[in-house]
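The chain contents come next:
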Amino acid sequence: MKHVTIVCDGSSLGNGRGETRAAAVAILEYRGARKILGEYLGNCTNQQAEIVAACLGLEALKEPCQVKLISDSQYVIKTMKGEFKRKTNHEFWERLDSAKKLHKVTWEWTR
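Every value quoted in this text rests on a predicted model; they were computed, and no experiment measured them. Counting from 1, residues in each chain are numbered in the order their sequence is written. Thresholds applied to this predicted model are a pLDDT of at least 70 for local features of residues and 80 or more for the giving and counting of side-chain atom pairs; totals over whole chains, interfaces and linings are not thresholded and use all residues. With hydrogens and water excluded, all non-hydrogen atoms of the structure serve as input to the side-chain values.

Caption draft 1: Representation of the pairing of strand 3 (residues 33-42). DSSP-based pairing: two strands are paired if at least 2 bridges between them are found. Where helices and strands are cited, they refer to DSSP runs of H or I of at least four residues and of E of at least two residues respectively, numbered from the N terminus. Bridge count for strand 2 (residues 21-30) against strand 3 is nine bridges, and the pairing is antiparallel. When the bridges of strand 3 are listed, Ile 27 appears paired with Ile 36. Where strand 2 folds back on strand 3, the antiparallel hairpin that results is connected by two residues, among which Arg 31 adopts a positive phi of roughly 50°.

Below is the structure:
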């Protein structure tokens, strides 16, 4: 099984109010090679953008992998570790659950 590191981040200017602009980015690393992915999300909140960033990285993997996913979002990391309850953003969490299904993921928070 390949060992892959994913570093991801999402951001939202306006945070879901009015003319919001949100984007998500993920950087995948395997044996020194890197792949960078990004997606413009339009009108989304910062939390939604953070979830999508994790999705982007996991969805890019073509086979089951051992993944270390690093994010600065305590919301994403603690939710995926079961420390936070999913009260909102259910369709985004469903996408992340689907994206991680094939992989063994270690969730790591960074500043």
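Structure's up, so let's keep going.
Caption draft 2: Representation of the sheet that holds strand 5 (residues 104-109) within the structure. Read from one edge to the other, the open sheet built from five strands follows the order 3-2-1-4-5, with strand pairing classed as mixed. Of all strands in the sheet, those with a lone pairing partner are strand 3 and strand 5, marking the two edges. Along the sheet, successive strands turn relative to each other by an average axial angle of 20°, direction set aside. In this structure, strand 4 (residues 65-71) lies alongside strand 5, joined through six bridges in parallel fashion. Paired with Ser 71 across the bridge in strand 5 is Trp 109. The contact definition used throughout considers only heavy atoms, calling two residues in contact when any of these lie within 4.5 Å. Under this scheme, a helix contributes an axis fitted over its contacting stretch, all axes are lines through C-alpha atoms, and angles between N-to-C directions fall in the 0 to 180 degree range. Here helix 1 (residues 46-59) sits on the sheet and contacts strand 1 (2-13), strand 2, strand 3, strand 4 and strand 5; the angle it forms with strand 1, its principal contact strand, is near 155°.

Caption draft 3: Representation of a nonpolar patch on the surface within the structure. Nonpolar side chains (Val, Leu, Ile, Met, Phe, Trp, Tyr) are joined into patches within 5 Å and like charges within 9 Å, using only residues with over 30% relative accessible area and no salt bridge. Each accessible area is a Shrake-Rupley estimate made with a 1.4 Å probe; only the visible protein chains count as cover when residues are assessed. The salt bridge definition used is simple: a Lys or Arg side-chain nitrogen within 4 Å of an Asp or Glu carboxyl oxygen. Nonpolar side chains collect at one region of the surface, where Val 7, Val 25, Ile 27 and Ile 36 lie side by side and expose about 320 Å² of accessible area between them. Summarising the element assignment, Ile 27 is placed in strand 2. Three exposure classes are used, based on accessible area relative to the maximum for each residue type with a 1.4 Å probe and protein chains only: buried under 20%, partly exposed in between, and exposed over 50%. Taking relative accessible area as the criterion, Ile 27 reaches 33% and is therefore assigned partly exposed.

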